[in-house]
Amino acid sequence: MSLTLVTSKHRLRAFYRLHRIQGHMMSSREEPEVLLEKVCRTGVITLNRPKVLNALNLTMIRSIYPQLKKWESDGDTDLVIIKGAGGKAFCAGGDVRALTEAGKVGDPLTKNLFREEYTLNYAIGTCRKPFIAFIDGITMGGGVGLSVHGRYRVATERTMFAMPETAIGLFPDVGGGYFLPRLQGKLGLFLALTGFRLKGRDVHRAGIATHFVESKKMPDLEKELVNLRSPSAENISRVLESFQNESSLDSDKPFVLEKQMADIDRLFDSATMEGVMRNLKADGSEFAKKQAQILSKMSPTSLKLTFKQLQLGATLSLRDVLVVEYRLSQACMRGRDFYEGVRAVLVDKDQNPKWEPPALEEVPDVDVERCFSSLGDTDLTL
């Protein structure tokens, strides 16, 4: 059988898989994927796909964005709350399987999803009304983009934060290039490269959440916020701080990375990604060995893109960061590692991706630079 025929059959299968996925995404169901409610003078967004940990898809983005803009300009709306249904997750990320199927057949989802998701991220980051995210449960990838740029982010003991994109041939997008380099020292770079998971109160200690409240108190917190007669920034902060002061769970435990922070700042301080790996390999400590081992499993191209993304992002506005990240997203959609990473981690689950190139030293700097280049008329505009 000719290679052309094999390729055609592969593309045809991918096309039909994508068609089924999109049909499922767009089909009308009894339960909407996002609940948009007005409670008193509060707009409440509930991500409503608990069976898939509230994973974000294009349908949901297209529901949330216009409603958020409406509430922002509506004189009858004082604040916006976003939360997840089901108790396990706020939002575990984006629908990467649909993206991989789309990419294989050149479907416009690979452009539309990123473009519209980043536009929503920017709308959250610039929202003139107080925007409060209840990140109770798993909060990764796309879920971070729906929360971290808002004015208030409330973590609970059930929160699990991570940006694990380098493991699937991507990079910590949704504005990761903006908020990660603004965390203490080299913590953001460490989280971005390794995908390290922060849990509970540590999400607040790291500076990702603005407050920590025990999950059992969240319904009362929501009720009190909704019933605020004058929801000024000062009054909202007062309510959040009062609930935080009543939440003593795990307050006696130190920050999970407290003992490693000095090592992180030292080992991840380099002008290049290769320099970070050299630091880790030369150090000899158990912590350094473990990080070198973790990074050796990640996509080398993703590591280099992420390193430069955070270097650049440290000096850029959220708007400019998202424009750059859109360019990177399209470079990843054109490349190979994303499809291989999703196959190895999420589809076949053999956890054995074959990256191309397979080593950091083999990823040409000129190729990395090209990923950051303007897309001209198709650049993201915000």
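Values in this document were obtained by computation on a predicted structure and should not be read as measured data. (Residues numbered from 1 in each chain as written. Predicted model: local features only at pLDDT ≥ 70, side-chain atom pairs only at ≥ 80, totals over all residues. Heavy atoms only, no water.)

1. What about the overall build of the protein?
Move 1: A tally of regular secondary structure across the protein gives 17 helices and 10 strands.
Move 2: Along the three orthogonal principal directions, the C-alpha set of the protein runs to about 70 × 50 × 35 Å.
Move 3: Across the 382 residues of the protein, 53% fall into the buried class.
Move 4: Restricting the contact set of the protein to residue pairs at least 6 apart, pairs at least 24 apart contribute 74%. (Helix = DSSP H or I, 4+ residues; strand = E, 2+ residues; numbered from the N terminus. Buried < 20%, exposed > 50% of the residue type's maximum accessible area, 1.4 Å probe, protein only. Contact = heavy atoms within 4.5 Å.)

2. Looking at the nonpolar core
Move 1: Counting residues in each nonpolar core, the largest one holds 90 residues, and the members touching the most others are Ile 208 and Phe 268.
Move 2: With near-sequence residues (within four places) excluded, Phe 268 lies in contact with Lys 186, Leu 189, Phe 190, Leu 193, Thr 194, Asp 263, Val 276, Leu 280, Gln 291 and Leu 295.
Move 3: Ile 81, Val 239, Leu 240 and Phe 243 belong to the second largest nonpolar core, which has 16 residues in total. (Core = buried A, V, L, I, M, F, W, Y, C linked by side-chain atoms within 4.5 Å.)

3. Observations regarding the confidence of the model for the protein
Move 1: In the predicted model, the protein carries a mean pLDDT of 94, and 92% of its residues have values of at least 70.
Move 2: pLDDT under 50 marks residues 1–6. Its contacts with residues more than four places away, or in other chains, come to 2 contacts. (pLDDT = per-residue confidence, 0-100.)

4. Quick word on helix 9 (residues 218–226)
Move 1: If you check which residues of helix 9 are buried, you get Met 218, Leu 221, Glu 222, Leu 225 and Val 226. For helix 9, the angular spread of the buried residues around the axis is 130°, confining them to a single face. Turned more than 90 degrees off the buried face of helix 9, the exposed positions are Pro 219 and Lys 223.
Move 2: Next to the buried residues of helix 9 lie strand 1 (34–39), strand 2 (42–47), strand 3 (79–84), strand 5 (131–135), strand 7 (152–155) and helix 10 (233–245). (Arc of directions from axis to C-beta.)

5. So, the packing of helix 3 (residues 96–104) against helix 4 (residues 109–125)
Move 1: The geometry of helix 3 relative to helix 4 is characterised by a closest axis approach of 8 Å and an angle of 140° between their N-to-C directions. By the angle between their directions, the pair helix 3 and helix 4 is classed as oblique. Residue-level inspection shows Ala 98, Leu 99, Ala 102 and Gly 103 of helix 3 in contact with helix 4, the latter providing Leu 109, Thr 110, Leu 113 and Phe 114. (Axes fitted to C-alpha atoms, helices over the stretch in contact; angles between N-to-C directions. Parallel < 35°, antiparallel > 145°, perpendicular 65-115°, else oblique.)

6. Quick notes on the sheet that holds strand 5
Move 1: Spatially, the 6 strands line up as an open sheet ordered 1-2-3-5-7-10, and their pairing is mixed. Strand pairing shows two members of the sheet lacking a second neighbour, strand 1 and strand 10 (211–212), which therefore form its edges.
Move 2: Bridge count between strand 7 and strand 10: 2 bridges; the pairing is parallel. Within the sheet, the bridge partner assigned to Ala 155 lies in strand 10 and is Phe 212. (Pairing = 2+ DSSP bridges.)

7. Thoughts on helix 10
Move 1: Spanning 13 residues, helix 10 covers 18 Å between terminal C-alpha atoms, matching the ideal 18 Å at 1.5 Å per step.
Move 2: For helix 10, the full list of buried residues reads Asn 235, Ile 236, Ser 237, Val 239, Leu 240, Phe 243 and Gln 244.
Move 3: Among the structural elements, strand 3, strand 5, strand 7, helix 8 (201–205), strand 10 and helix 9 are those in contact with the buried residues of helix 10. (Expected span 1.5 Å × (residues − 1).)

8. Section: unusual backbone geometry
The phi angle of most residues is negative, glycine excepted, and most peptide bonds adopt the trans form.
Move 1: Between Glu 356 and Pro 357 the backbone carries a cis peptide bond, its omega angle lying at -5°.
Move 2: Inspection of the secondary structure assignment puts Pro 357 in the loop between helix 16 (337–347) and helix 17 (365–371).
Move 3: Backbone geometry at Cys 40 places phi at a positive 55°, although glycine is not the residue there.
Move 4: Tracing the backbone through its elements, the reader meets Cys 40 in the loop between strand 1 and strand 2.
Move 5: Its identity as a non-glycine residue notwithstanding, Asn 54 has a phi of 55°, on the positive side.
Move 6: On the secondary structure map, Asn 54 appears in the loop between strand 2 and helix 2 (58–73).

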